[in-house]
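# Inside the fold
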Amino acid sequence: RYYRDYPEFRIRFQPNFTWSDDGLYISGIGIRATNSMINIKKDKRQELLRAYGFTLEKDINASVPRMTLSLNAGHWIDEAEDIYKRIYHVLEPSGECSSEIREAIKKLHMRAYFDSGDKAVGHHTWLSMNQDNIDKQDVCDTMQNFRKAIVEAEGGKLYGSEIFYVESCVYLMTLYDLVTSGHRVWQVYDCFYATGEEDQELFEHMVSNGVRRNFEEFLTTCWKV
C-alpha cells in the first residue's frame with residue numbers, strides 16, 4: 001500500500017537459511033527486514049537521498065547493543081546511554097574512554113557479539129588479521145575478555161542473529177507510524193531517511209520516541225522469556 005509507487009523501498013521480511021558445509025542440514029536461520037536498495041554504497045547514498053527528496057534522517061545509536069541491553073533490562077535504554085563506553089568501563093573501570101578507543105570498540109563489537117563463543121572469537125579474529133609480530137595468545141585473550149565485557153555491559157545475555165528479528169519488528173512498527181502519518185521513508189536497517197515538514201531535531205525526537213514506545217509494546221505483547 002505505502003510503497004506502490006516506490007517498490008524499490010518496499011520491505012522484505014523473510015527468513016534465510018544457512019546450510020552446513022556438507023549440505024545435509026540447516027545450521028542457522030536468520031530473519032531481518034531489508035529492501036532492494038539496502039546495499040547501495042554510502043558514497044552513492046547522498047545522491048539517492050537528493051533524488052527522492054529525503055531531507056530528514058535518524059540513525060538509532062548503537063542499535064544492536066542497545067536492543068540487547070533493553071531486552072535484558074526489560075525496558076528501553078535511552079540513547080543518552082553510551083553503551084560502547086559502558087563496555088570499556090567493564091574492561092577498565094577507572095580508565096578514560098577516548099574517542100579512538102570508543103571507535104575501536106564499535107568496530108570490533110559486531111565480530112565479538114555474533115561469534116560462536118569466547119574461545120572462537122579470539123581464533124577467528126586472529127585468522128582475519130595481519131599476524132606480523134602479533135602474539136596469537138594475546139589476541140585470543142584480549143578478544144575473550146572483550147566478549148565477556150560485552151555480555152556484562154549489555155545485561156548478561158547475547159541473542160545472536162535473533163537480535164535482528166527483534167530490531168526488525170520494532171523498527172517496522174516505527175516505519176508504519178511514519179508512513180501512515182504521511183512520510184515517504186527509506187529504512188536502512190536501523191536508519192530512517194524520510195520526507196516531511198518537520199525540522200531535523202523534531203524528526204529525530206519523533207523517531208526516538210516511536211522506537212521507545214514500539215519497543216515497550218513489542219516487549220509486552222510479543223517477547224516471551
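Note on numbering: residues in each chain are counted from 1, in written sequence order. Local features in this predicted model are restricted to residues of pLDDT 70 or higher, and side-chain atom pairs are both shown and tallied only at a pLDDT of 80 or more, whereas totals for entire chains, interfaces and linings draw on every residue. Hydrogens and water are ignored here; the side-chain numbers use all heavy atoms of the structure.

### Let's talk about the overall build of the chain
Along the chain, the regular secondary structure elements total 8 helices and 5 strands. Taken from the N to the C terminus, the helices and strands of the chain come in the order β-β-α-β-α-α-α-α-α-α-β-β-α. For this measure, only C-alpha atoms enter the radius of gyration; the expected value for a globule follows 2.2 Å times N^0.38, where N is the number of residues. Computed over C-alpha atoms, the radius of gyration of the chain comes to 19 Å, within 12% of the 17 Å expected from 2.2 N^0.38 for 225 residues, which places it in the range of a compact globule. A total of 225 residues make up the chain; the buried ones form 42% of that total. Strands are runs of DSSP state E lasting at least 2 residues, helices are runs of H or I lasting at least 4, and numbering of each runs from the N terminus. Burial here depends on accessible area, computed with a 1.4 Å probe over protein chains only, as a share of the maximum for the residue type. Under 20% is buried, over 50% is exposed, and the range in between is partly exposed.

### Considering the packing of aromatic side chains
Aromatic pairing here means that ring centres of Phe, Tyr or Trp (its six-membered ring) are within 6.5 Å. Orientation follows from the plane angle: under 30 degrees is stacked, over 60 is edge-to-face, and everything else is tilted. This model, assessed by the stated rule, comprises 15 aromatic pairs. Each member of the aromatic cluster is reached from another via a ring pair, and the members are Tyr 6, Phe 9, Tyr 52, Phe 54, Trp 186 and Tyr 193. Whether a charge lies above a ring is judged from NZ of Lys or CZ of Arg, which has to be within 6 Å of the ring centre and within 35 degrees of the ring normal. Lying across the ring of Phe 164, Arg 32 places its NZ or CZ 3.8 Å from the centre. Its guanidinium or amino end placed over the ring of Tyr 189, Arg 32 lies 3.8 Å from that ring's centre, counting from NZ or CZ.

### Structural notes on helix H2 (residues 63-73)
Within H2, 9 of the 11 residues are buried, leaving the element largely enclosed by the surrounding structure. Two residues form a contact once any of their heavy atoms are found within 4.5 Å. Among the structural elements, helix H3 (83-91), helix H4 (99-114), helix H6 (136-153), helix H7 (162-180) and helix H8 (200-221) are those in contact with the buried residues of H2. Once H2 finishes, Gly 74 follows within two positions and takes phi at roughly 85°, a positive value.

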